[in-house]
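Residues per chain are reported as follows:
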Amino acid sequence: MSIRRRSMLIAVSLALGACGNLQPWVKPYERDRLADPIMSWDRDAVSAAYLDHVYESREGSRGGTGTAGGGCGCN
Amino acid sequence: MAHTIAGLLRRCALAAIVATTAAAAVAGDSSGPAPAFTLTALTGQPATLSQYRGQVVMVNFWATWCGPCQQEMPLLDQMYKKFKPAGFTLLGVNVDKDTPPVRELLARKPVSFPVLLDPANSVSKAYHVDEMPSSVIIDRKGEIRYVHRGYKPGDENEYQDRIRQLIRE
Amino acid sequence: MLRVTGAAVLPDDRADVFYSSYNGGGMDITGESVLVRKKFAEQFAVEANYFVDTVSGASVDVLSNASVIKDKRKQKSLSVEYIHDKTTYNLSYTNSTERDYISNTTHFSLSQDMFGELTTVSLGFTRSRNQVGENDGTSFAPIIDWLGHSDSRSYDAGVSQVITRNLIAGLTFDVITDQGYLSNPYRFIIYFDPTNPRGFSEGDQVYPNTRTSSAVEARAKYYLPYRAALGATYRYFSDTWGIRANTTELTYTQPVSNVWILEGRFRYYSQGHATFYSDLFPFAGAQNFESRDKELAASKNNTVGGKLTYTFLPDGWKMFKRGTATLDISRIQFKYGDFRDIKDFAGTSEVDAPLYRFNATVFQIYLSMYF
């Protein structure tokens, strides 16, 4: 087995071995700060979309913006 | 090499199954004695779970920053007033790290059931709270009989059914 | 483009009224928008948005036509969101119409919360079909010549991860493929021509009829202990036209009291030119593909912006839970590395014309009512 294959096998084994023991490390009752509106990715969607449009129509690049997630994790 | 990976996958799957069943055993629909606790109520008085032995108790974990928690509060209040005469109590365990927002919220939207403060989250940990809000219903003997995670409109009917069942026991 | 949602719960019902104004580079653009969002049975949400842009002005590009353009763009969009357990599905349709450009876009995405809701994985697909035309008449008496169609498909994937109680990070990757008529009919190229007193002559742009681009964006938001948030974003873009671009953005959000929130923003952007772009081609027909659209030029821009939000009705009134009013101002400086301003240039050697640069100010005012 080459060194690269061996190190990959070790990395994968560690990951698999750990998977049974990994627990969410931020508990739902600790998500107060993440639920704060100032921590959301975009507080104002219309404004964010508008600025994206201002740039996209003047720049040569596009895409790559936006992702879901965060918040209070309720339900 | 194939033999090693298969072995690892088997071990990991086994570990995962054990972990989830262990978690389910403590915080699922299965039974177990409700962990004892003592917390300070919003009024300043200490409150223990054992003082409610003999009644059906619902422990509701909530926070000021949790939307669904706010939604269910008025319904929990109605439920508390309705079943209290039959030997039911509802304990609202608040998990906020700071108390002032809790007082502020309850001053604007008061409830009649006891609100207990758990800023150190020791009770939340003991009850393996893994979702906000969470409600744990405990029977007259102090055993956990039902755990409900999250809240969606209509869930209060589920709560009422379970409470009625346990009151009749 | 992936929608931004909170984990596992549909956002509150809301209605927004929005006004914006852009001034810069000889252009004046005002925008007005209305948005309404409503939940049904806590599982479905419908959102409708109507946006109108009014453009007027004479940009640096319309030098020989020298006419003031005035045009209106109307955009309507409808989206439906459905949440079940830990998965959110989103389907939306947008139509954008202006005299010489019609675009229809459909978008579908889903996002899944996992691992104690610390991780959110999202996948999205967007398809746009556009009709491109050219106004051969004037602003007041238009004659539209429909030149062609273009078809665009976008595939996106993203992951958002809660790292600590104070830190959340996200990574998005997308691939966009376009085909069809991808040129801008109002632009033209110029080539060196000593027989012309200006030193150059105009010619038509020739664009490839395909384009594939990919972008990767990393973002993070950090909660500062005295209640403030620091956000950082970095995006890298590259495409088959040879454009490479970098975008960096930093935001700082500071609540000042229970009702005021201040936000500061700084954005830096730089791009390299497309392989078939040139400010001045050496002679007519020098390349198979040629463009002089400044959007494809080597350029940089930086933005300094600020936003002030005021919460009126923090405790609600009748059916309204909350209301906010926001003022947002951005100042953008554009600088081009290989695009010259030849609009009023009187010299005989094009390379003596100044490299183009301009500043733009963007105002936004909006009112949001949550119920």
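J.: Just give me the short version of the overall build of chain B, but keep the residues and values in it.
T.: When you go through chain B residue by residue, the secondary structure sums to five helices and seven strands. Traced from its N-terminal end to its C-terminal end, chain B shows the element sequence α-β-β-β-α-β-α-β-α-β-β-α. Counting across all 169 residues of chain B, residues that qualify as buried make up 31%. Counted over contacts in chain B with a minimum sequence separation of 6, partners at least 24 positions apart contribute 69%.

J.: Account for the overall build of chain A, naming residues and giving values.
T.: Counting secondary structure elements, chain A contains three helices and zero strands. When the helices and strands of chain A are placed in sequence order, the string is α-α-α. Out of the 75 residues belonging to chain A, those deemed buried represent 52%.

J.: Would you mind going over the sheet that holds strand 5 (residues 115–117) of chain B in detail, with residue names and values included?
T.: Residue and element names in this part refer to chain B. Spatially, 2-1-5-4-3-6-7 is the arrangement adopted by the seven strands of the open sheet, whose pairing is mixed. Strands with a single pairing partner mark the edges of an open sheet, and in this sheet they are strand 2 (46–48) and strand 7 (144–149). Neighbour-to-neighbour, the strand axes of the sheet open up by a mean angle of 30°, direction not taken into account. Of the strand pairs in this sheet, strand 4 (residues 88–94) and strand 5 are connected by three bridges, and their pairing is parallel. Its bridge partner being in strand 5, Gly-92 is matched across the sheet by Val-115.

J.: Break down the confidence of the model for chain B for me, citing the residues and quoting the values.
T.: If pLDDT is low for a region, its predicted coordinates should not be looked at in detail. Residue and element names in this part refer to chain B. Of all residues in chain B, 82% attain a pLDDT of 70 or more, and the chain-wide mean is 85. Note on residues 19–29: pLDDT under 50 across the span, and 14 contacts to partners over four residues away in sequence or across chains. Overall fold confidence (pTM) sits at 0.85, and the ipTM for the predicted complex is 0.91.

J.: So, the nonpolar core: which residues are in play, and what are the values?
T.: Counting 47 residues, the largest nonpolar core has B:Ala63, B:Val93 and B:Ile163 as the members making the most contacts within it. Contributing elements (two or more residues each) for this core: helix 2 (32–35) of chain A together with strand 3 (56–62), helix 2 (67–83), strand 4, strand 5, strand 6 (134–138), strand 7 and helix 5 (155–168) of chain B. If one sorts the elements of this core by residue count, strand 3 of chain B sits on top with six residues. Not counting the four nearest positions on each side in its chain, B:Val93 is found in contact with B:Leu39, B:Val59, B:Asn60, B:Phe61, B:Leu116, B:Asp118 and B:Val123. Counting residues in hydrophobic clusters, the runner-up holds 15 residues, among them C:Ile243, C:Ala274, C:Ala297 and C:Tyr336.

J.: Mind laying out unusual backbone geometry, listing which residues take part and the relevant values?
T.: A cis amide bond links B:Met132 with the next residue in sequence, B:Pro133, at an omega value of -5°. With respect to the helices and strands, the residue B:Pro133 is situated in the loop between helix 4 (122–126) and strand 6. Phi is positive for B:Asn121, close to 60°, though the residue is something other than glycine. Within the secondary structure, B:Asn121 sits in the loop between strand 5 and helix 4. If you check the backbone angles, C:Phe115 has positive phi at about 60° while not being a glycine. Along the chain, the position of C:Phe115 falls in the loop between strand 6 (101–114) and strand 7 (119–135).

J.: Account for the environment of C:Gly231, with residues named and values stated.
T.: Residue and element names in this part refer to chain C. Relative to the helices and strands, Gly-231 resides in strand 13 (residues 228–239). Separated by 135 residues in the primary sequence, Gly-231 and Tyr-366 place their C-alpha atoms 22 Å from one another. Every residue in contact with Gly-231, bar those within four places of it in the chain, is listed here: Lys-221, Leu-250 and Thr-251.

J.: Tell me about helix 5 of chain B, and please be specific about residues and values.
T.: Helix length check: helix 5 of chain B, at 14 residues, gives a terminal C-alpha distance of 21 Å against a target of 20 Å (1.5 Å per residue), a fit within 8%. Of the surrounding secondary structure, the elements contacted by the buried residues of helix 5 of chain B are strand 3, helix 2, strand 4, strand 6 and strand 7 of chain B.

J.: An account of the packing of helix 2 of chain B against helix 5 of chain B is needed here, citing residue identities and associated values.
T.: Residue and element names in this part refer to chain B. For the pair helix 2 and helix 5, the least separation of the axes is 11 Å and the interaxial angle reads 25°. With respect to helix 5, the axis of helix 2 lies roughly parallel. Pair helix 2 / helix 5 crosses with right-handed handedness. Facing helix 2, whose interface residues are Glu-72, Leu-75, Met-79 and Phe-83, helix 5 presents Glu-156, Tyr-159, Gln-160, Ile-163 and Ile-167. For the contact of helix 2 with helix 5, the residue count by class is six nonpolar, one polar and two charged.

J.: A description of the pairing of strand 7 of chain C should follow, citing residues and the corresponding values.
T.: Along a regular strand, successive side chains alternate from one face of the sheet to the other. Pairing of strand 6 of chain C with strand 7 of chain C involves 14 bridges; the strand directions are antiparallel. Bridging across to strand 7 of chain C, C:Phe108 finds its partner in C:Phe125.

Criteria and thresholds
- Residues numbered from 1 in each chain as written.
- Chains lettered and ligands numbered in written order.
- Predicted model: local features only at pLDDT ≥ 70, side-chain atom pairs only at ≥ 80, totals over all residues.
- Helix = DSSP H or I, 4+ residues; strand = E, 2+ residues; numbered from the N terminus.
- Buried ≥ 20, exposed ≤ 12 C-beta atoms within 10 Å, placed from the backbone.
- Contact = placed C-beta atoms within 7 Å.
- Pairing = 2+ DSSP bridges.
- Axes fitted to C-alpha atoms, helices over the stretch in contact; angles between N-to-C directions.
- pLDDT = per-residue confidence, 0-100.
- Core = buried A, V, L, I, M, F, W, Y, C linked by C-beta atoms within 7 Å.
- Expected span 1.5 Å × (residues − 1).
- Parallel < 35°, antiparallel > 145°, perpendicular 65-115°, else oblique.
- Left-handed = near helix turned anticlockwise from the far one by under 90°.
- Nonpolar A, V, L, I, M, F, W, Y, C, P; charged D, E, K, R; others polar.

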